[in-house]
Amino acid sequence: MNSVLQSVSKIQIDRLFVHPEALDTVICQRVAAALPDLPIEMAEQTPLGPERDRLSADEYVRSKRSLWLTPFRGTFFKRCPGATQKKVLNCCNYHVLNLGSQCNFDCSYCYLQSYLQHKTLKIYTNVDSALAELREMAQEHGHLPFRVGTGEIMDSLSLDPLTLVSRDLIAFFANYPKWTLEFKTKSDFVDQFLDAPHAGNVVVSWSVNPAEIVNREEHGTARLAERLAAARRCRNRGFQIAFHLDPMIYFPDWQLHYAELVDQITSQFSPDDVNVISMGALRFQPEQRFLMKERFGLKSLVTSAEMWPSEGGKLRYDFQIRNQMFDFVIQRFRGHNSRWRIFLCMETPETWIQSLQQTPMQVEGLRDLFRPLPKLALETEVATQVTNGVQS
Amino acid sequence: MKFRLDLTHAEPLPIKLCVSQLSWRAVASWNACLPGVAIHGHMVVMAGAESVEVEKPDSTILNFSNLQKSEALDFFSSLYPDLGIYHWAHLWEWLQHPTVKNSFPFSFADLTEFVHLHISRDFEIALAHFWRAPASFQQWALDKKLQGRDLVALQSWPQALWSQSILEMIAMSPLSKSDALQCIEWLGDLAGMDVDFSGVWSMPAAQWLQQLRKLRFAESAARDASAKNWLAAVPKAKGLSWQWVRQGDQTGVDIRAFVRGPQELERQLESLKKLFSAWSGRGDLT
Ligand code: SF4
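Residues numbered from 1 in each chain as written. Chains lettered and ligands numbered in written order. Predicted model: local features only at pLDDT ≥ 70, side-chain atom pairs only at ≥ 80, totals over all residues. Heavy atoms only, no water.

**Q** Can you walk me through the overall build of chain A in this structure?
**A** A count of helical and extended segments in chain A gives 14 helices and 18 strands. Looking at chain A residue by residue over its 392 residues, the buried ones come to 59%. For chain A, long-range pairs separated by at least 24 residues make up 77% of all intrachain contacts whose partners lie at least 6 apart in sequence. A total accessible area of about 15,900 Å² is found for chain A, and carbon and sulfur atoms account for 50% of it. (Helix = DSSP H or I, 4+ residues; strand = E, 2+ residues; numbered from the N terminus. Buried < 20%, exposed > 50% of the residue type's maximum accessible area, 1.4 Å probe, protein only. Contact = heavy atoms within 4.5 Å. Areas by Shrake-Rupley, 256 points an atom, 1.4 Å probe, with all protein chains shown as cover.)

See below:
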């Protein structure tokens, strides 16, 4: 338990707000116990002022240190954004379970900078409602290979030493061995769930980048060596692990640094240890660039990058540079062992074909990830509401 | 009581135009009163009535200080549905003024919250930047109907840029609004990246944007230039034209052909085959 306490001590929260309805929840009790010196401030409305279309730099920074525990009233579960852009992107059958939003880390490229409107970290305290949603879905689709991740608008584990939600989810997924639960993190906070009994269907995944990028662009996160050490601890306890080389950053000597990263992974793990390796190159919404420049200056490799508008509206590196980077990393992995399962995240079919010479459905070992699954009842319901102009 | 008017043709006008077109004359200058509003081309509505004189007999004068806060906000936002940065900047200053502050029914913060405008401390800084800009640039912002978001790039402008007369040069140049705003953003980027762009000013304004792009996207520009040179050296048959083009994140060859007969077509196909072999050998361009 010492290591969990150590993890808690690394989490920097300055203010703790609690919605009155959240006060008696297990999550609130766990967080309060983990942060005994922090007074609880009751907040029925969004704390620190109303939501805004865009936060200022100061508000954004402060939002990472203020935590609001509150119930969530909407649908917890949805399909990964890439899956809704099937025309322009190839996306895996990934579903997201949003158990909060905002992140206590501060990566310069983080897409939350174009997205967030509230001035705190949010953790939803009605996890039982989320699990009830999943249970309902399981009655119909429990036999299908759904992949469910919790790291879309927050880091899956960066606050987990406070909430311990990972343990609740792992216990829940133990009942549905066909389903896969994926935690996606840039932390090394895994000790809080390592002893939890699981059904072998939990993937703990790390976004990784060369140490140089981690140090320069991924502020507040665990260093590369710490992430890899945490991955080893998970592997040793029978958890599946995965790595996302995403977002890959183009910079002088990138080949040297990405080669080193691939070598670090391949020297510590075998293809059998690693569920999948995904890759994606830097991309962000154009309107996000101003806040990024203001917060990180133009010496950042992200803000100073040469980015171009792409199909779908995001700014991306030149197509040829992306191909070169993907190709380089794929060859490096293959040079070690041809059995590494690699796929491209949020990329167009053209890039898939250029880099892997195949679309995902043609790649052995990835086919299952990409095989179309039936629409969920919840998705159909939301789509109908949108068509009918009904607001939830 | 609700004040709602059909404001389809309402438009805040610069004082100069109010005077000439609407016989509307402000006793005090802009930053001592609110902008005039013309409704259906003849009625002029003014707020802060003590500071204006109206010569048109059918004009209406409204004094905001008689209204409750919520009524005043509601009415104000329907009168001025589309304020530019120029107006916001003046409003900001005007509403800070002690006499206005004490008598006016709402504050700047009330107003921005009411119209859901993103006015944070940062926006106030942007407004302050606006005040630092030379008068010619302020006037340009008014003429081009600049909104607050148009000047967001100024927020990351390093101090050193402000001491140069760049904004003045931009305001005096024939650049379009979008080109000028793009220049402002790239200038801020280049200054932050310590790239020297002083050579740009010796060129005609029409070339500024292109030169700044070359500096801001130096690596891509060099790659594109090298691809263009390579392509130009590949011989092509008569009637066939090609050029290296960039479309956002993609680059490639735009090929056009005009064929007058089968023999010419054959020669062009031969030419395309040569292009194919030459291109296949350039791994860096695929
Ligand atoms: S870890 Fe992920 S969510 Fe957190 S700041 Fe970085 S990119 Fe954003």
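Now, onward.
**Q** Help me understand the overall build of chain B, please; the structure alone is not making it clear to me.
**A** Tallying secondary structure elements over chain B gives 13 helices and eight strands in all. A buried classification covers 46% of the 286 residues belonging to chain B. Restricting to contacts in chain B with at least 6 residues of sequence separation, those with at least 24 account for 58%. Summing over all exposed atoms, chain B offers an accessible surface of approximately 14,700 Å²; the carbon and sulfur share of this is 54%.

**Q** Before we go on, may I ask you to explain the packing of aromatic side chains in this structure?
**A** The tally for this structure, following the rule as stated, stands at 26 aromatic pairs over all chains. Seen in terms of ring centroids, Phe146(A) and Trp179(A) are 6.0 Å apart; in terms of plane orientation they differ by 85 degrees. Their pairing is edge-to-face. Note that Phe146(A) is positioned in the loop between helix 4 (127–141) and strand 9 (147–149) and Trp179(A) in the loop between helix 6 (165–173) and strand 10 (180–185), a separation of 33 residues in sequence. A single burial state applies to Phe146(A) and to Trp179(A), both of which are buried. Considering the side-chain rings of Phe197(B) and Trp201(B), the 6.4 Å spacing of their centres and the 90 degrees angle between planes classify their relative orientation as edge-to-face. A relative accessible area of 8% means that Phe197(B) is categorised as buried. In textbook terms, an aromatic cluster arises when at least three aromatic residues are bridged by ring pairs, as seen for Phe146(A), Phe172(A), Phe173(A), Tyr176(A) and Trp179(A). (Phe/Tyr/Trp six-rings, centres within 6.5 Å; stacked < 30°, edge-to-face > 60°.)

**Q** Help me understand a nonpolar patch on the surface, please; the structure alone is not making it clear to me.
**A** Taken together, the side chains of Leu23(A), Ile40(A) and Met42(A) define a hydrophobic patch exposed on the protein surface, amounting to about 240 Å² of accessible area. Here Met42(A) lies in strand 2 (residues 40–42). (Patch = residues over 30% accessible without salt bridge, like charges linked within 9 Å, V, L, I, M, F, W, Y side chains within 5 Å. Salt bridge = Lys/Arg side-chain N within 4 Å of Asp/Glu carboxyl O.)

**Q** Explain the interface of chain B and chain A to me, please; I cannot follow it from the model alone.
**A** A common way to report how large an interface is uses the accessible area buried once the components associate. At the interface, 30 residues of chain B touch 33 residues of chain A. Counting across the interface, chain B meets chain A through six salt bridges. Asp194(B) is the salt-bridge partner of Lys299(A), the closest N and O atoms lying 3.1 Å from each other. Joining chain B to chain A, the criterion identifies 19 residue pairs in polar contact (both at pLDDT 80 or more). Elements supplying a minimum of two residues to the side of chain B that touches chain A: helix 10 (177–192), helix 11 (205–216), helix 12 (218–233), strand 7 (240–247) and strand 8 (250–257) of chain B. Top element by residues in the side of chain B that touches chain A is helix 12 of chain B. It accounts for four residues. (Polar contact = N/O pair within 3.5 Å; in protein donor to acceptor, adjacent residues only side chain to side chain.)

**Q** Which parts of the structure should I look at to understand the pairing of strand 1 (residues 15–18) of chain A?
**A** Moving residue by residue along a regular strand, the side chains alternate between the two faces of the sheet. In this sheet, strand 3 (residues 66–70) of chain A lies alongside strand 1 of chain A in parallel orientation, the contact comprising four bridges. The residue of strand 3 of chain A that forms the bridge with Leu16(A) is Leu67(A). (Pairing = 2+ DSSP bridges.)

**Q** Would you mind going over helix 12 of chain B with me for this structure?
**A** Note that an α-helix has 3.6 residues per turn; residues three or four places apart therefore point the same way. Across its 16 residues, helix 12 of chain B extends 23 Å between first and last C-alpha, which sits within 8% of the 22 Å expected from 1.5 Å per residue. For helix 12 of chain B, the full list of buried residues reads Ser220(B), Asp224(B), Ala227(B), Trp230(B) and Leu231(B). Taken end-on, helix 12 of chain B shows its buried residues confined to a sector of 125 degrees, consistent with a single buried face. Exposed positions of helix 12 of chain B whose direction lies more than 90 degrees from the buried face are Asn229(B), Ala232(B) and Ala233(B). Buried residues belonging to helix 12 of chain B abut strand 16 (308–309) of chain A together with strand 7, strand 8 and helix 13 (262–280) of chain B. (Expected span 1.5 Å × (residues − 1). Arc of directions from axis to C-beta.)

**Q** Whenever I open this one, the sheet that holds strand 16 of chain A confuses me. Can you help?
**A** Think of a sheet as strands paired side by side through backbone hydrogen bonds, with each pair either parallel or antiparallel. As summarised here, the arrangement of the three strands in space is 15-17-16 (chain A), forming an open sheet in which the pairing is antiparallel. If you trace the sheet from one side to the other, it starts and ends with strand 15 (283–284) and strand 16 of chain A, each paired once.

**Q** How should the packing of helix 9 (residues 254–268) of chain A against helix 11 (residues 319–336) of chain A be read in this particular structure?
**A** Packed helices, taken two at a time, are described by the angle their axes make and the gap between the axes. Residue and element names in this part refer to chain A. Helix 11 packs onto helix 9 with a crossing angle of 35 degrees between their chain directions and a minimal axis gap of 10 Å. Here helix 9 runs over helix 11; the crossing is right-handed. For the pair formed by helix 9 and helix 11, the contact residues are Trp-254, Gln-255, Tyr-258, Ala-259, Val-262, Asp-263, Ile-265 and Thr-266 on the first element and Gln-324, Met-325, Phe-328, Val-329, Arg-332, Phe-333 and His-336 on the second. (Axes fitted to C-alpha atoms, helices over the stretch in contact; angles between N-to-C directions. Left-handed = near helix turned anticlockwise from the far one by under 90°.)

**Q** Whenever I open this one, the pairing of strand 13 (residues 240–248) of chain A confuses me. Can you help?
**A** All names here are of chain A. Counting buried positions along strand 13 gives eight out of nine residues, so the element sits mostly inside the fold. Pairing analysis gives five bridges linking strand 11 (residues 202–207) to strand 13, with the strands arranged parallel. Bridging across to strand 13, Trp-206 finds its partner in Phe-243. Taken together, the six bridges between strand 13 and strand 14 (residues 274–281) define a ladder with parallel strand orientation. For Ala-242, the partnering residue across the bridge sits in strand 14 and is Val-276. The handedness of the strand 13 to strand 14 crossover, carried by helix 9, is right-handed. (Right-handed = clockwise from strand over helix to strand, strands pointing away.)

**Q** What should I look at first to understand the confidence of the model for chain B in this one?
**A** Low pLDDT marks stretches whose predicted atomic positions should not be read closely. Residue and element names in this part refer to chain B. Per-residue confidence for chain B averages 79 on the pLDDT scale, and 72% of its residues sit at or above 70. Within chain B, no element has a lower average pLDDT than strand 2 (residues 24–26), which sits at 53, and none a higher one than helix 11, at 97. Of the regions scoring below 50 in pLDDT, residues 1–7 engages in 16 contacts with residues more than four places distant in sequence or in other chains. Both scores are given for the predicted complex: the pTM is 0.82, the ipTM 0.82. (pLDDT = per-residue confidence, 0-100.)

**Q** Help me understand the nonpolar core, please; the structure alone is not making it clear to me.
**A** In summary, soluble globular proteins display a tendency toward joint burial of nonpolar side chains. In terms of nonpolar packing, the biggest core is built from 104 residues, with Leu67(A), Val204(A), Trp206(A), Phe243(A), Leu245(A), Tyr258(A) and Ile265(A) touching the most fellow members. The residues touching Tyr258(A), leaving out its near neighbours within four places in the chain, are Asn209(A), Pro210(A), Leu245(A), Pro247(A), Met248(A), Ile249(A), Phe251(A), Met325(A), Phe328(A) and Val329(A). Phe75(B), Ile85(B), Leu127(B) and Leu151(B) belong to the second largest nonpolar core, which has 57 residues in total. (Core = buried A, V, L, I, M, F, W, Y, C linked by side-chain atoms within 4.5 Å.)

**Q** How should I be thinking about the side chain of Glu182(A) in this particular structure?
**A** Residues and elements named next belong to chain A. Relative to the elements of secondary structure, Glu-182 occurs in strand 10. Side chain to side chain, Glu-182 and His-244 meet in a polar contact 3.0 Å long. Discounting chain neighbours no more than four positions away, the residues touching Glu-182 are Tyr-94, Arg-147, Val-148, Gly-149, Thr-150, Ser-156, Val-203, Ser-205 and His-244.

**Q** Just to check I follow, could you spell out the pattern of salt bridges for this structure?
**A** Opposite charge on two side chains permits them to pair, given that their charged atoms come into close proximity. All names here are of chain A. Summed over all chains, the structure comprises 28 salt bridges over all chains. A salt bridge links Asp-106 to Arg-295, with the shortest nitrogen-to-oxygen separation between them at 2.6 Å. Separated by 189 residues along the polypeptide, Asp-106 in strand 7 (residues 106–107) and Arg-295 in helix 10 (residues 289–296) bring together distant segments of the chain. An identical accessibility class is assigned to Asp-106 and Arg-295; each is buried. When the shortest N-O distance is used, the salt bridge between Arg-339 and Asp-272 registers 2.9 Å. Taken together, the residues Arg-339 in the loop between helix 11 and strand 18 (342–344) and Asp-272 in the loop between helix 9 and strand 14 connect sequence positions 67 residues apart.

**Q** Just to check I follow, could you spell out helix 9 of chain A for this structure?
**A** All names here are of chain A. In a regular helix each residue adds 1.5 Å, so 15 residues correspond to 21 Å; helix 9 covers 21 Å between its end C-alpha atoms and thus fits that length. Taken residue by residue, helix 9 has Trp-254, Tyr-258, Ala-259, Leu-261, Val-262, Ile-265 and Thr-266 as its buried positions. Along the long axis of helix 9, the arc covered by the buried residues comes to 160 degrees, so they all point the same way. Exposed residues pointing more than 90 degrees away from the buried face of helix 9 are listed as Leu-256 and Ser-267. Looking at the buried residues of helix 9, the elements they touch are helix 8 (224–236), strand 13 and helix 11.

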